[in-house]
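Summary of the model geometry
For reference, the chains in residue letters:
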Amino acid sequence: MTITDEIRKTVTTATYAAAGTADLAAEKLRELRSHAPELREQAQSTFRVYAAKAKETYGELSERGKGAVETWRAERAAREAEEAREQEASTPEVIVERAEPENGRLAKGESTEDKGEDASPRV
């Protein structure tokens, strides 16, 4: 057999394979088309089932999320209250008392109002 004959045989075989593929695809499409109404109803039914499940799951997740958020808020409030108590406990109490001068005289810049005395001169 010559090279030309081999090439023709290979090309012919490849062409027949392509034609066979196209014929098989056309046959499957015809079968699919004949089942289209049935498949459409099946798809719609499946969609309704999954839509109902999704709605149910959404509601469950919403309730779960609500509980989680409430828990997180309570934990945060408790943590903040504990931090405030710790802050308050660690802050020293400072008491400031005002000392009166020993000689009874007012310090520079001090007024008699600060001492609670009458501002009139003594006679």
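Above this text you will find the structure in question.
Right, let's walk through the structure included here. These figures come from a predicted structure and were not determined experimentally.

Charged atoms that come close allow side chains of opposite charge to pair. Counted under the stated rule, the structure contains 4 salt bridges. Lys 28 serves as the salt-bridge partner of Glu 31, at 4.0 Å between the closest nitrogen and oxygen. Residue Glu 31 and its partner Lys 28 are both found in helix H1 (residues 3–34); the two are separated by 3 residues, about one turn of the helix. Assessed through its relative accessible area of 35%, Glu 31 is described here as partly exposed. Exposure remark for Lys 28: the relative accessible area of 46% places this residue in the partly exposed category. In this structure, Arg 85 engages Glu 82 in a salt bridge whose closest nitrogen and oxygen atoms are separated by 2.8 Å. With Arg 85 and Glu 82 both in helix H2 (residues 36–90), this residue pair falls 3 residues apart, about one helical turn. Overall, the relative accessible area of 35% leaves Glu 82 in the partly exposed class.

What follows is about a nonpolar patch on the surface. A surface patch of nonpolar side chains, about 310 Å² in accessible area, is lined by Ile 3, Ile 7 and Val 11. Position of Ile 7 among the secondary structure elements: in helix H1.

Below, the discussion takes up the packing of H1 against H2. For the pair H1 and H2, the least separation of the axes is 4 Å and the interaxial angle reads 60 degrees. With respect to H2, the element H1 is oriented oblique. Note on element contacts: H2 touches H1 through Ala 36, Pro 37 and Leu 39, opposite Leu 32, Arg 33 and Ser 34. Counted by class, the contact of H1 with H2 contains 4 nonpolar, 1 polar and 1 charged residues.

Conventions used here
- Residues numbered from 1 in each chain as written.
- Predicted model: local features only at pLDDT ≥ 70, side-chain atom pairs only at ≥ 80, totals over all residues.
- Heavy atoms only, no water.
- Salt bridge = Lys/Arg side-chain N within 4 Å of Asp/Glu carboxyl O.
- Helix = DSSP H or I, 4+ residues; strand = E, 2+ residues; numbered from the N terminus.
- Buried < 20%, exposed > 50% of the residue type's maximum accessible area, 1.4 Å probe, protein only.
- Patch = residues over 30% accessible without salt bridge, like charges linked within 9 Å, V, L, I, M, F, W, Y side chains within 5 Å.
- Areas by Shrake-Rupley, 256 points an atom, 1.4 Å probe, with all protein chains shown as cover.
- Axes fitted to C-alpha atoms, helices over the stretch in contact; angles between N-to-C directions.
- Parallel < 35°, antiparallel > 145°, perpendicular 65-115°, else oblique.
- Contact = heavy atoms within 4.5 Å.
- Nonpolar A, V, L, I, M, F, W, Y, C, P; charged D, E, K, R; others polar.

Spatial relationships are all this shows, so hold off on functional conclusions.
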